[in-house]
Amino acid sequence: MKQFFTITLLFLISIVAKSQTIHIIVFCATQDRMVGLSASNTRNYFEQEFVPDVRRYSGCAVDAKYYYGSEFNKSTLERVVNNLSSNSNDVIFFYYCGHGFNITGSGKEYPKLHLGGMDDARSKWLEDVYSVLRQKRHRLLLTIAEACNRVSDVQSARNGPGTFGPHPTFTKSAGNYRTLFSQSGDYLCSSSKRQQASWFDNGWGYFTDCFINAFDHETSEVTSSPTWDNIFATTKQKTEELAYQNAEEQVPQWKKEGGSVIVKKPTLSTDLLLTEYAKSKLDLVFRNPTQTWSNVLYKGAISNGKRNGYGAYKWKSGGYYFGEFKDGNPKGEGINISANETWMGIVEDYKNNTMYFQKYSVYNYDNLGHPIYYNWKPTTVKFITTVKGNYYFGQVDANGYYQGYGLFVWSDGRAWVGRFENGQQKEGGYIN
């Protein structure tokens with residue numbers, strides 16, 4: 001009887017889980033000559049990464065629709081939004097990527113979506129889309145737009161340095177996906193405030209780039225209690241910082257109705273212990289060493305017959321050094337890892353197989369993005385494995401971004417060591 005009850009309970013839970021549907025609607029201006037590349041990248045992200053991951057990990061049915069090219073117009077948007085059929089336990093997720101604008105005297109804080117033109121026949125207020133979707137039966141609503149919000153102005157993409165590249169990757173947590181998509185509330189978000197542009201650069205919009213990073217962090221194993229509140233708060237903070245780095249001003253805005261806003265401080269992954277598992281991952285770097293002698297391995301740059309530039313060294317003791325070399329020895333910024341401790345800093349001198357580190361001031365971030373200054377000392381590093389079999393080994397800030405010195409290793413043994421900023425590679429080099 002007990003076994004029958006357990007089986008019946010599991011069957012009922014399965015039915016309940018399957019009864020929930022996540023409706024995903026994505027509108028992207030892929031044919032626009034100014035923002036088409038960013039819109040195409042955004043569509044590809046949702047179609048190839050976001051939606052497949054939601055299907056795989058959330059435990060819910062997913063109904064995803066993508067509208068771009070000739071279907072990117074007002075009549076299609078209104079038809080899709082007005083005809084959406086949903087249940088009270090469903091999730092509705094709407095994402096727009098394209099031009100936007102505002103109108104003098106409109107009284108609207110959120111932008112009007114440019115669906116082929118700026119007249120009423122070819123544009124739609126984001127707040128109106130939100131209002132219609134709020135009338136649908138649902139438990140969780142997310143209405144998001146990456147669009148300019150300046151009065152009577154459609155902003156073009158800029159061509160500047162940007163800070164974009166591969167998004168940081170984390171190990172996915174099915175539990176976190178289920179937690180996120182089991183929450184309730186109505187969210188409205190736009191990528192910039194009234195009278196501000198939303199910048200696109202190097203094939204990505206600032207806002208979407210930061211949203212992807214925040215979402216990936218919140219659905220990863222490095223987060224213990226994921227919330228949509230924290231995703232939007234982190235996206236807002238990181239977008240503002242990214243715009244500032246490029247001498248622009250862009251501050252996303254968002255609100256939640258139907259619940260209080262609680263922004264948590266994310267927890268980081270467990271501190272590194274040089275276990276056999278970690279060693280096996282680090283040893284991937286040395287599968288094809290540049291130099292080997294007396295059971296000591298080196299992989300990295302060689303010039304004038306000596307180790308110069310970025311490289312990796314495996315000590316006879318079994319420890320590791322990743323960082324800069326000069327005239328054959330560790331010299332410059334790097335990480336030294338042993339079974340008992342990890343040092344990170346600038347190598348000032350190297351004598352008798354001992355590295356002497358300079359103490360100097362660096363910074364980390366608190367949960368609100370404010371810098372915290374301190375001196376280097378024996379420090380812990382984070383070890384993060386990724387979905388695709390890659391891994392990261394180094395500093396991580398309070399929001400889960402690679403921040404500071406670290407090592408990124410691909411599953412085939414290729415490695416890059418150097419400084420990261422907001423998850424992106426900065427100064428450093430590949431270990432060829």
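Data block above holds the structure.
Just so it is clear, the structure is predicted and the values come from calculations on it, not from any experiment.

Student: Quick rundown of the nonpolar core? Include the residues and the values.
Tutor: Generally speaking, nonpolar side chains in soluble globular proteins are found buried as a group. Phe50, Phe93, Phe181, Phe215 and Trp228 are the most contacted members of the largest nonpolar core, which has 41 residues in total. By residue number, the principal contributor to this core is helix H2 (residues 36-57), which donates seven residues. Apart from residues no more than four positions distant in its own chain, Phe181 is found in contact with Gln20, Ile22, Phe50, Val54, Ser58, Val91, Arg139, Leu140, Phe215 and Trp228. Counting 23 residues, the second-largest nonpolar core is a separate cluster that includes Ala29, Val80, Tyr130 and Ala147.

Student: Would you mind going over helix H4 (residues 126-134) in detail, with residue names and values included?
Tutor: Of the positions making up H4, those classed as buried are Leu126, Glu127, Val129, Tyr130 and Leu133. What you see down the axis of H4 is that its buried residues fit within an arc of 155°, all on one side.

Student: Could you give an account of unusual backbone geometry, with specific residues and numbers?
Tutor: Located in the positive-phi region is Gln195, a residue other than glycine, with phi close to 75°. Within the secondary structure, Gln195 sits in the loop between strand E8 (185-190) and strand E9 (200-201). Non-glycine residue Asn304 carries a positive phi angle of around 55°. Here Asn304 shows up in the loop between strand E13 (296-303) and strand E14 (306-314).

Student: So what's going on with the sheet that holds strand E6 (residues 123-125)? Which residues, and what values?
Tutor: Within the open sheet, the three strands sit side by side as E4-E5-E6. Their pairing is antiparallel. Pairing within the sheet leaves two strands with one partner each, and these edge strands are strand E4 (100-101) and E6. Two elements, strand E5 (residues 112-114) and E6, share three bridges in a ladder whose sense is antiparallel. By the bridge assignment, Leu113 is partnered in E6 with Lys124.

Student: Tell me about the packing of helix H6 (residues 206-218) against helix H7 (residues 228-245), and name the residues and values.
Tutor: For any two helices packed against each other, the geometry comes down to the angle between their axes and how far apart the axes lie. It is at 8 Å that the axes of H6 and H7 come closest, and there the two elements cross at 140°. Comparing their axes, H7 and H6 come out oblique. Both H6 and H7 take part in a crossing whose hand is right-handed. Listed contacts from H7 to Tyr206, Phe207, Asp209, Cys210, Phe211, Ala214, Phe215 and Glu218 of H6 are Trp228, Asn230, Ile231, Thr234, Thr235, Lys238, Thr239, Leu242 and Ala243.

Student: Could you give an account of the pattern of salt bridges, naming the residues involved and the relevant values?
Tutor: Evaluation of the coordinates by the stated rule reveals 15 salt bridges. Close ionic contact of Glu47 with Arg43 constitutes a salt bridge, the shortest N to O distance being 2.8 Å. Taken together, the residues span about one helical turn, with Glu47 and Arg43 both in helix H2 at a distance of four residues. Between Lys236 and Glu240 there is a salt bridge, and its shortest N-O distance comes to 3.9 Å. One end of the pair, Lys236, and the other, Glu240, are both in helix H7, four residues apart, so they sit about a helical turn from each other. Judged by its relative accessible area of 36%, Glu240 falls in the partly exposed class.

Student: Talk me through the packing of aromatic side chains; I want residue IDs and the actual numbers.
Tutor: In the structure shown here, the tally under the stated rule is 32 aromatic pairs. Judged by centre distance (5.8 Å) and plane angle (55°), the rings of Phe46 and Phe93 are tilted. Residue Phe46 is located in helix H2, and its partner Phe93 is located in strand E3 (residues 91-97); the two are separated by 47 residues in the primary sequence. Like Phe46, the residue Phe93 is buried in the burial classification. An angle of 50° between the planes, with centres 4.7 Å apart, marks the rings of Phe46 and Tyr95 as tilted.

Criteria and thresholds
- Residues numbered from 1 in each chain as written.
- Predicted model: local features only at pLDDT ≥ 70, side-chain atom pairs only at ≥ 80, totals over all residues.
- Heavy atoms only, no water.
- Core = buried A, V, L, I, M, F, W, Y, C linked by side-chain atoms within 4.5 Å.
- Buried < 20%, exposed > 50% of the residue type's maximum accessible area, 1.4 Å probe, protein only.
- Helix = DSSP H or I, 4+ residues; strand = E, 2+ residues; numbered from the N terminus.
- Contact = heavy atoms within 4.5 Å.
- Arc of directions from axis to C-beta.
- Pairing = 2+ DSSP bridges.
- Axes fitted to C-alpha atoms, helices over the stretch in contact; angles between N-to-C directions.
- Parallel < 35°, antiparallel > 145°, perpendicular 65-115°, else oblique.
- Left-handed = near helix turned anticlockwise from the far one by under 90°.
- Salt bridge = Lys/Arg side-chain N within 4 Å of Asp/Glu carboxyl O.
- Phe/Tyr/Trp six-rings, centres within 6.5 Å; stacked < 30°, edge-to-face > 60°.

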